[in-house]
Amino acid sequence: MKRISVGVFKLTSCSGCINELIYALVKHPELLKLIDVKYFTELQDVNALTELNVAIVEGSCVREEHEGILKKIRGLSEVLISMGTCATLGGVQSLRVGVDVSEVKKYVYLNPEYVDAYNDVKAVGELIQVDLSLRGCPVNGDALASIIKKIVIGGWPLEVYESLCADCKRAGIECVVVAKGTPCLGPIVSAGCGALCPSFGRGCYGCYGVKDKDLDPEKIFEMEKALGRLGLSKDDFYSLLKGYSMSLVKSLKI
Ligand code: SF4
Ligand code: SF4
Ligand code: SF4
């Protein structure tokens, strides 16, 4: 079987998704026989910016330089995958959007002059064409391994588009809203994690991002009110949406 060339790139992110990819390679060592790693700074010393069958990008774009890097990667790649919620939707760094970035830098860093960032935070798909988006903070490593295997054999992953509640019901997990009155974003966020938090009796805080393709904005406002009755403040509700679903927040102008 012909191996596919793969590059893994990082913009602004915590490397959690890259770690998941590395765990996936350890857990599924057969993958290393299927891919020819050309660029993967966290895995190897030698990195070649060359033509690729598959580019995997972690992180969101926070400065001009990132925009140029992304366009270059797109130009070199047959298939481009945005890996994780940062790359796909903006990620937790989106929490600063709407606040002057120079104020945020002063608050966070001792030497803010060294930090190069513009006011906005952009998902990869806002700047270049993305062929496949994987949500999750971090992504699910097993899903990633399965997708790579499918691409190697010339297939393409089926996109499953369900709310997290579907994961919960399939796994027979007790609903934390019904059983305990715990706020949970499950009805409006994407499935994919197997309902990890509800399986531990916790509400979902939406790290796979809002299920936005067919979501009526009115449903967001209804959810905000429903979770408000369970004790989640309006500010906390929109902070969660902003951290994991920035593209939706931009479209709703919240
Ligand atoms: S999506 Fe989450 S785990 Fe992945 S890089 Fe961003 S912050 Fe880290
Ligand atoms: S616990 Fe959350 S995700 Fe699970 S069924 Fe209830 S609302 Fe949906
Ligand atoms: S239950 Fe929600 S917050 Fe927890 S891992 Fe899944 S999507 Fe993320």
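A quick note: this is a predicted structure, and the numbers were derived from the prediction, not measured.

Cut-offs used in this document
Residues numbered from 1 in each chain as written. Chains lettered and ligands numbered in written order. Predicted model: local features only at pLDDT ≥ 70, side-chain atom pairs only at ≥ 80, totals over all residues. Heavy atoms only, no water. Axes fitted to C-alpha atoms, helices over the stretch in contact; angles between N-to-C directions. Helix = DSSP H or I, 4+ residues; strand = E, 2+ residues; numbered from the N terminus. Parallel < 35°, antiparallel > 145°, perpendicular 65-115°, else oblique. Left-handed = near helix turned anticlockwise from the far one by under 90°. Contact = heavy atoms within 4.5 Å. Nonpolar A, V, L, I, M, F, W, Y, C, P; charged D, E, K, R; others polar. Salt bridge = Lys/Arg side-chain N within 4 Å of Asp/Glu carboxyl O. Buried < 20%, exposed > 50% of the residue type's maximum accessible area, 1.4 Å probe, protein only. Near = heavy atom within 4 Å. 1 Å grid on protein atoms, 1.4 Å probe; cavity = no way out; pocket = protein on both sides within 12 Å on 5 of 7 lines; lining within 4 Å. Points joined across faces, edges and corners; volume = space filled by probe spheres on them. Domains from an automatic or database assignment. Buried area = accessible area lost by both parts, 1.4 Å probe. Pairing = 2+ DSSP bridges.

Enquirer: Explain the packing of helix 1 (residues 16–27) against helix 5 (residues 141–152) here, please?
Expert: Between two packed helices, the angle of one axis relative to the other and the distance separating the axes together describe the packing. Where helix 1 meets helix 5, the closest approach of the two axes is 8 Å, and the angle between their N-to-C directions is 65°. In terms of orientation, helix 1 and helix 5 fall into the roughly perpendicular class. By crossing handedness, the relation of helix 1 to helix 5 is classed as right-handed. Of the residues in helix 5, those in contact with E20, L21, A24 and K27 of helix 1 are G141, D142, L144, A145 and I148. Of the residues belonging to the contact of helix 1 with helix 5, the class tally is 5 nonpolar, 1 polar and 3 charged.

Enquirer: Honestly, the pattern of salt bridges in this entry has me stumped. Any pointers?
Expert: Working definition: two side chains of opposite charge can pair if their charged atoms are close together. Applying the stated criterion across every chain, the model contains 10 salt bridges. Linking R63 and E65 is a salt bridge whose minimum nitrogen-to-oxygen distance equals 2.9 Å. Owing to a relative accessible area of 46%, E65 belongs among the partly exposed residues under this scheme. A salt bridge links E162 to R170; its shortest N-O distance comes to 2.8 Å. Taking the relative accessible area as the measure of exposure, R170 reaches 56% and is therefore exposed.

Enquirer: What should I look at first to understand the site of ligand 3 in this one?
Expert: Close contacts around ligand 3 come from L164, C193, L196, C197, P198, C204, Y205, G206, C207 and Y208, and that covers them all. Of all the elements, helix 8 (residues 196–199) adds the most residues to the shell around ligand 3, at 3 residues. Residue composition of the shell around ligand 3, grouped by class: 9 nonpolar, 1 polar and no charged.

Enquirer: Looking at this structure, how should I read the layout of surface pockets?
Expert: Rolled over the atoms, a probe with the dimensions of a water molecule shows which regions are left empty. Roughly 930 Å³ of internal volume is contained in the largest pocket. What lines the largest pocket is a set of 35 residues, among which S133, L134, R135, E159 and V160 lie closest to the centre. Elements supplying a minimum of two residues to the lining of the largest pocket: helix 3 (84–89), strand 5 (132–134), helix 5, helix 6 (164–170) and helix 11 (246–252). Within the lining of the largest pocket, the residues separate by chemical class into 16 nonpolar, 9 polar and 10 charged. There are two domains that each give the lining of the largest pocket at least three residues, and those are domain 1 (4–152) and domain 2 (164–252).

Enquirer: How should the site of ligand 2 be read in this particular structure?
Expert: Neighbouring residues of ligand 2: L164, C165, C168, K169, C175, V176, V177, C184, G186, P187 and P198. Of all the elements in the fold, those that place two or more residues in the shell around ligand 2 are helix 6 and helix 7 (176–180). For the shell around ligand 2, the leading source of residues is helix 6, giving 4 residues. Across the shell around ligand 2, the residue classes tally to 9 nonpolar, 1 polar and 1 charged.

Enquirer: Looking at this structure, I do not really get the domain arrangement of the protein chain. What am I missing?
Expert: How big an interface is tends to be reported as the loss of accessible area on association of its parts. One can read the domain layout of the protein chain as domain 1 (4–152) and domain 2 (164–252). One C-alpha centre belongs to domain 1, the other to domain 2, and the line joining them spans 25 Å. Across the contact, 18 residues belong to domain 1 and 16 residues belong to domain 2. Carbon and sulfur atoms make up 50% of the area that domain 1 and domain 2 hide from each other, which totals about 1,200 Å². If you sort the residues of domain 1 by the area they bury against domain 2, L89, L95 and R135 come out on top, with a joint share of 43%. The tally of links between domain 1 and domain 2 comes to 0 salt bridges.

Enquirer: What should I look at first to understand the sheet that holds strand 5 in this one?
Expert: Note on sheets: strands pair through backbone hydrogen bonds, and any given pair is parallel or antiparallel. The strand order across the open sheet built from 5 strands is 2-1-3-4-5, with neighbouring strands paired in parallel fashion. In this open sheet, the two edge strands, each paired with only one partner strand, are strand 2 (35–40) and strand 5. On average, each strand axis in the sheet is tilted by 20° relative to the strand beside it, whichever way the strands run. Bridging between strand 1 (residues 4–10) and strand 3 (residues 52–58) involves 5 bridges; their strand directions are parallel. Looking across to strand 3, one finds that G7 is bridged to A55. Strands strand 1, strand 3 and strand 4 (77–83) of the sheet are contacted by helix 2 (residues 64–76), whose axis makes an angle of about 135° with strand 4.

Enquirer: Can you help me understand the environment of L11 in this one?
Expert: Along the chain, L11 falls in the loop between strand 1 and helix 1. Each C-alpha atom of the pair L11 and V57 lies 7.5 Å from the other, and the pair is 46 residues apart in sequence. Setting aside anything within four residues of it in sequence, one finds L11 in contact with V57, E58, G59, S60, C61, H66, I69, L70 and V124.

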